[in-house]
Amino acid sequence: MDDNSIIEMYWNRDKQAIHETDQKYGRLCYRLADNILKLKEDAEECVNDTFMKLWNSIPDDRPAHFSAYICQIVKRLALSKLRYNKADKRAAENCVPYEELSEIVSGGADPEEASIMSELSESISEYLMTESKQNRIIFVRRYWYYDSAETIAEALNISPGTVWSVLSRMRKRLKKRLKKEGYDI
Amino acid sequence: MKAEMLDKAIKGIRPELIEEAALQIQENNLSSAKDTQRQNGAVSGVDIYHRPLRNKIFAAAAAIVLVAGAGTGGALLLKGMKDKSEIAVTASGSDEVVISGAPFGDITGGKVRYLSTVYAPFLLDSEQESTDELAEAFNSAVWEKLDSNIESSYGGRDVVYVSSGDKRFRLVFYGDRTVDYETESGIVRYRVSENTAEIVRSKAEPDDKGYINSHMIPCKTEDLTIDGVWKNNEVLPDKLFEKPGVPEEFKDKEIREIDPQYGIIYDLQDIEKDAAEAEDIIVGEVSSISFERSMNIAYTSIGITVSEDIAGKLSAGEQVIVKFSGGYIPARDKLNVYDMTSSYQYFDDIPEKDIDNICYYEKVFSGEYPIVGMKYAFLVNGGDQTDKNGGKVYRSIGHEYGVLYKYDDIYVQRNDNGLNLYSMDELKKMLESPSVYMPILTQKDGKIVEYVTPDEKEK
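Basis of the calculations
Residues numbered from 1 in each chain as written. Chains lettered and ligands numbered in written order. Predicted model: local features only at pLDDT ≥ 70, side-chain atom pairs only at ≥ 80, totals over all residues. Helix = DSSP H or I, 4+ residues; strand = E, 2+ residues; numbered from the N terminus. Buried ≥ 20, exposed ≤ 12 C-beta atoms within 10 Å, placed from the backbone. Contact = placed C-beta atoms within 7 Å. Pairing = 2+ DSSP bridges. Core = buried A, V, L, I, M, F, W, Y, C linked by C-beta atoms within 7 Å. Domains from an automatic or database assignment. Axes fitted to C-alpha atoms, helices over the stretch in contact; angles between N-to-C directions. Parallel < 35°, antiparallel > 145°, perpendicular 65-115°, else oblique. Nonpolar A, V, L, I, M, F, W, Y, C, P; charged D, E, K, R; others polar.

Undergrad: Is there a simple way to think about the overall build of chain B in this case?
TA: If you tally the helices and strands in chain B, you get 11 helices and 25 strands. Looking at chain B as a whole, 34% of its 459 residues qualify as buried. Pairs at least 24 residues apart make up 64% of the contacts formed inside chain B by residues separated by at least 6 positions.

Printed below as a string of structure tokens:
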């Protein structure tokens, strides 16, 4: 079923919408939640919470990119659950490849204004749009979905070494670009 | 800036980028049996936890009832839902019966062959690992039993033939996710999830791997039955034709590939037209490949040990030659003729000092020829001349399209549309069809002119 039809079902308060969402995006959501939580039961719970959240939020929203909208909810809930589980705000370090990301930043001041963060997100997006589709997917799967290099390599039928190499080059290019744009990274 | 902030910024990238990766993950996930188990929420002895989604929704409903002060009513609703979710066969909201686990039993360790409209009537032989993944997906799937009298509005898409233990059956998957489970005793109709249907589709139509010959089993249309598909077990060889290796005499030369432009007056890929032009079909094993030239034309001679001759002129075991256009030819032999017509540089600008170090490979169509040691049927004309060893010499009709790989009693023709299967009876009928054209290679002033029809020749 296409996304618009599913969204329409949410608007009509048709419970089948949940079923259709689960059919279409359940595994994607589970994968993302599992990447973060590393615990099947928690990941399952997170996916179910996501569907509940969707059920409650969609009458107000008509997301243009439904899968991204769902994944954003999963990610938010999973990270929140992870922090709650570990009672530690830094628990996300277990799943987020901070070490790799730290190659891009160099300890400058964190931007406090939300607008700057938003601009930074847009700059990263613009940078990604200059890369090939495969490179974009590698980057987003690694740093947005937190997939391992091995998983990405298997998915794209390339070697993990190639994934690491692509990521390394992309980090360098991103760093250069952000510096050029004047970010205090 | 700290890495955490950058992570936050990455979180906010454009949704289309997130969606692009999501689509790729979705495609990739289809083959993941682990995820499938989770998705379908069934139990197959593997430790996969799944809290049924409906429980969650109704848990919310139950909570509302409790808040409203209805006492234990909500709790009972939740309890009831939980109990029902754990039994294998349940009555859903409609009259449909929902079955967790494959209704035909576990096919792990069994054999599976696929038939898809994409490559029918070939069967795609499943590797054991892939079969077991499929079995896992089937075991995990929820099979909604449907009324068999209701016709699917979609055409049959993929067929899964199964031979497991003493059971043989087939599953016909339709575009609307309905599945016909067919045994000798009848048909039972089910509906499965999109994920399960997609897993079948991805295995039956492996567009990432292509249709690898080493997994394809030719099957006659009349044998596409529950038992018939298991008659043959030999898969097609990886290659039905190949480019011949460089002959010893040219091994130290520079090989340049050229594509001679012959005038072709009918579609050689059409086996019916080829057979109509041919006078005979010789079946035999390729024993040798050699290369010759006559004037400036390269020929490839295929030596055949005859096993069958439709015209009845040859006996089994006899050695014959079938000649094909194309092959290796020294540059000097190729260019000399063109020199006479002031076209010496038509192919190449080669200085005299280099000409003897260069050899051409005249690539006609694919440039591939039958492989030594393999059996084929050859559509041919001629046989009135002999080679130095006394073997009859024939001319190939239809070039590579007039050569069919012999698989049991099925003959496989390769053309641009893929592989086509014929029986010898079908080929014989085609052979008897009246000839429309008589392609003849002619030369004028040392140049290949074109193939002409007999009528044109008379003119």
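Undergrad: How should I be thinking about unusual backbone geometry in this particular structure?
TA: Negative phi characterises most residues that are not glycine, and trans characterises most peptide bonds. Residues and elements named next belong to chain A. Backbone geometry places Tyr146, a non-glycine residue, at a positive phi of 60 degrees. In this fold, Tyr146 is placed in the loop between helix H7 (133-143) and helix H8 (149-156). Phi is positive for Asn157, close to 60 degrees, though the residue is something other than glycine. Note on placement: Asn157 falls in the loop between H8 and helix H9 (160-180). Residue classification places Asn157 among the exposed residues on the basis of 8 C-beta atoms within 10 Å.

Undergrad: In this structure, what is going on with the pairing of strand S19 (residues 375-386) of chain B? I would like to understand it.
TA: Walk down a regular strand and you will see the side chains alternate between the two sheet faces. All names here are of chain B. Bridge count between strand S13 (residues 280-294) and S19: six bridges; the pairing is antiparallel. Following the sheet pairing, Ile281 is matched in S19 by Leu379. As judged from the three bridges shared by S19 and strand S21 (residues 403-407), these two strands associate in the antiparallel manner. For Phe378, the partnering residue across the bridge sits in S21 and is Val403. Sheet topology note: the S19/strand S20 (residues 392-396) ladder contains five bridges and is antiparallel. Counterpart to Asn381 in the pairing with S20 is Arg395. The turn linking S19 back onto S20 is made up of five residues, and Gly390 within it adopts a positive phi angle of 90 degrees.

Undergrad: Just checking my understanding: could you explain the nonpolar core for this structure?
TA: All names here are of chain B. Val160, Ile281, Ile282, Val322 and Phe378 are the most contacted members of the largest nonpolar core, which totals 80 residues. Per-element tally for this core: the top contributor is strand S14 (residues 297-309), with six residues. Residues lining this core come from more than one domain, with at least three contributed by each of domain 2 (111-230) and domain 3 (241-458). Not counting chain neighbours up to four residues away, the residues in contact with Val322 comprise Ile302, Ile304, Phe378, Val380, Tyr394 and Ser396.

Undergrad: For this particular structure, what's the right way to read the packing of H8 of chain A against H9 of chain A?
TA: A pair of packed helices can be characterised by two numbers: the angle between their axes and the separation between those axes. All names here are of chain A. With their axes 8 Å apart at the nearest point, H8 and H9 run at an angle of 110 degrees to one another. Our classification of the angle between H8 and H9 gives roughly perpendicular. Taking contact as the criterion, the partners of Ala149, Glu150, Ile152 and Ala153 in H8 are, on H9, Pro160, Thr162, Val163 and Trp164. For the contact of H8 with H9, the residue count by class is six nonpolar, one polar and one charged.

Undergrad: I would appreciate a short explanation of the environment of Pro63 of chain A in the present structure.
TA: Residues and elements named next belong to chain A. Tracing the backbone through its elements, the reader meets Pro63 in the loop between helix H3 (40-57) and helix H4 (66-86). A residue is classified by how many C-beta atoms lie within 10 Å of it, and Pro63, with 17 of them, is partly exposed. Separated by 56 residues in sequence, Pro63 and Ile7 have C-alpha atoms that sit 8.3 Å apart.

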